[in-house]
Amino acid sequence: SMPGLNNAVLQSTARGYDGSYKIAVKKSFLWSLVGIPIIFITGLYYYYYVNQISGLCLIVACIFFPFLNAPNTWDGFLQGKERFDLNAKYAILQSIVTSFLMIAVLFVSSNTLFPIFLAYLSSNAVITVLIFIKSLKYVETDKKDDDSIKYGYFLTASNVIGLIGNNIDKILIGMLLGPIELATYTIATNIPLTLKDLTKYFWAPITPKMCQEEMKMINVFEY
């Protein structure tokens, strides 16, 4: 899904090239389509040879995949527009709704993974698309930065190692223990991490204002 396009949109939007936003979302969506057959084939393999529930979850995930990552570029766009207040509100709303639905489904059907996974995917996809549509009204110009897309591709390629490093725990658990244990571990860690990440969005509107204040030098030692 070319996640590096998010940072590229942030930089181009900050320089007044709002037109790059729609192009980046379109490119990200098209690249995400490539992931559909990969996830689908992996899901079929798991369904027939490993675990049916895990395979079914992956098969369903391929449907939501383009709608989870491409419209999510609204995050970089709103930061580039310095609308940190909106960015924080939307992110908090998405986290709260998704976490609430996952917890609710977890208590209702605790014996199967599929409805929990479906609640996570569907809620995230719907909210992400709605926020993207709402963010379009803040596009003020059609100016495009032709180099921003190339820069986004470069950022994606350069972040591959970091992406693997951030998920090395899940990779090892999946390889050594299996998909069921990996799913359990992911759900158990995702909910508290999501709630913890909410705190950074409360600071998002405040931090830029603090940075804009004039720094005052205080000489502690007088000679």
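The coordinates are above.
Now for a description of the structure that goes with this document. Note that this is a predicted model, so its numbers are computed, not measured.

### Looking at the packing of aromatic side chains
Here's step 1: The final tally for this structure, using the stated rule, is nine aromatic pairs.
Here's step 2: Judged by centre distance (5.9 Å) and plane angle (90 degrees), the ring pair of Tyr45 and Tyr46 falls under edge-to-face.
Here's step 3: With a centroid separation of 5.2 Å and an interplanar angle of 85 degrees, the aromatic rings of Tyr47 and Tyr48 are classed as edge-to-face.
Here's step 4: Given the relative accessible area of 29%, Tyr47 is considered partly exposed.
Here's step 5: A relative accessible area of 60% places Tyr48 in the exposed class.

### Overview of helix α1 (residues 4–14)
Here's step 1: Listing the buried residues of α1 in full gives Gly4, Leu5, Asn6, Ala8, Val9, Ser12 and Thr13.
Here's step 2: In the segment just after α1, Gly16 is the residue with positive phi, at about 95 degrees.

### Let's talk about the nonpolar core
Here's step 1: Ranked by internal contacts, the top residues of the largest apolar core, which has 18 residues, are Tyr21, Trp74, Phe77, Leu78, Tyr90 and Tyr138.
Here's step 2: Mapped onto this core, the elements with two or more residues apiece are α1, α2 (19–50), α4 (74–80), α5 (84–108) and α6 (114–135).
Here's step 3: Ranked by size, the runner-up nonpolar core spans eight residues in total, among them Met102, Val105, Ala183 and Ile187.

### Some words on a nonpolar patch on the surface
Here's step 1: Together, Val160, Ile164, Ile168, Ile171, Leu172, Met175, Leu176 and Leu177 give the surface a local cluster of nonpolar side chains, amounting to about 780 Å² of exposed area.
Here's step 2: Put simply, the parts of the chain that give the nonpolar patch at least two residues each are α8 (160–166) and α9 (168–176).
Here's step 3: Among the elements that take part in the nonpolar patch, α9 stands out by supplying five residues, more than any other.
Here's step 4: Tracing the chain through its elements places Ile168 in helix α9.
Here's step 5: Residue class for Ile168 comes out partly exposed when judged on its relative accessible area of 39%.

### Thoughts on α6
Here's step 1: The terminal C-alpha atoms of α6, which comprises 22 residues, lie 31 Å apart, in line with the 32 Å expected from a rise of 1.5 Å per residue.
Here's step 2: Inspection of α6 places Ile116, Ala119, Leu121, Ser123, Asn124, Ala125, Ile127, Thr128, Ile131, Phe132 and Ser135 among the buried residues, and these make up the whole buried set.

### So, unusual backbone geometry
Note on backbone geometry: most residues besides glycine have negative phi, and most peptide bonds are trans.
Here's step 1: Even without being a glycine, Met2 presents a positive backbone phi close to 55 degrees.
Here's step 2: Here Met2 is to be found in the segment before α1.
Here's step 3: Accessibility expressed as a relative area gives 18% for Met2, which makes it buried.
Here's step 4: You will see that Glu82, though not glycine, has its phi angle at about 60 degrees, which is positive.

### A short note on the packing of α2 against helix α7 (residues 146–158)
Here's step 1: Between α2 and α7, whose axes approach to 10 Å, the crossing angle comes to 40 degrees. As summarised for this structure, α2 and α7 are arranged oblique, according to the angle between their axes. Here the hand of the crossing between α2 and α7 comes out right-handed. Across from Ser20, Ile23, Ala24, Lys27 and Trp31 in α2, the residues of α7 making contact are Ser148, Ile149 and Tyr153.
Here's step 2: Tallied by class, residues from the contact of α2 with α7 come to five nonpolar, two polar and one charged.

### Remarks on the environment of Tyr120
Here's step 1: With respect to the helices and strands, the residue Tyr120 is situated in helix α6.
Here's step 2: Of the residues examined, Tyr120 reaches a relative accessible area of 29% and is grouped as partly exposed.
Here's step 3: Through-space distance from the C-alpha of Tyr120 to that of Leu101 is 7.3 Å; in sequence the pair is 19 residues apart.
Here's step 4: If we skip the residues at most four places from it in the chain, Tyr120 touches Thr98, Met102 and Asn190.

### Looking at the pattern of salt bridges
Here's step 1: Across all of its chains, the model carries four salt bridges by this definition.
Here's step 2: With a shortest N-O distance of 2.5 Å, Arg15 and Asp145 are connected by a salt bridge. One end of the pair, Arg15, is in the loop between α1 and α2; the other, Asp145, is in the loop between α6 and α7, with 130 residues separating them in the sequence.
Here's step 3: Residue Lys81 pairs with Asp18 through a salt bridge whose shortest N-O separation is 2.8 Å. Taken together, the positions of Lys81 in the loop between α4 and α5 and Asp18 in the loop between α1 and α2 put the pair 63 residues apart, joining distant regions of the chain. Each member of the pair Lys81 and Asp18 is classed as buried.
Here's step 4: Salt bridges linked by common partners bring Asp18, Lys81 and Glu140 together as one network.

The rules we used
- Residues numbered from 1 in each chain as written.
- Predicted model: local features only at pLDDT ≥ 70, side-chain atom pairs only at ≥ 80, totals over all residues.
- Heavy atoms only, no water.
- Phe/Tyr/Trp six-rings, centres within 6.5 Å; stacked < 30°, edge-to-face > 60°.
- Buried < 20%, exposed > 50% of the residue type's maximum accessible area, 1.4 Å probe, protein only.
- Helix = DSSP H or I, 4+ residues; strand = E, 2+ residues; numbered from the N terminus.
- Core = buried A, V, L, I, M, F, W, Y, C linked by side-chain atoms within 4.5 Å.
- Patch = residues over 30% accessible without salt bridge, like charges linked within 9 Å, V, L, I, M, F, W, Y side chains within 5 Å.
- Areas by Shrake-Rupley, 256 points an atom, 1.4 Å probe, with all protein chains shown as cover.
- Salt bridge = Lys/Arg side-chain N within 4 Å of Asp/Glu carboxyl O.
- Expected span 1.5 Å × (residues − 1).
- Axes fitted to C-alpha atoms, helices over the stretch in contact; angles between N-to-C directions.
- Parallel < 35°, antiparallel > 145°, perpendicular 65-115°, else oblique.
- Left-handed = near helix turned anticlockwise from the far one by under 90°.
- Contact = heavy atoms within 4.5 Å.
- Nonpolar A, V, L, I, M, F, W, Y, C, P; charged D, E, K, R; others polar.

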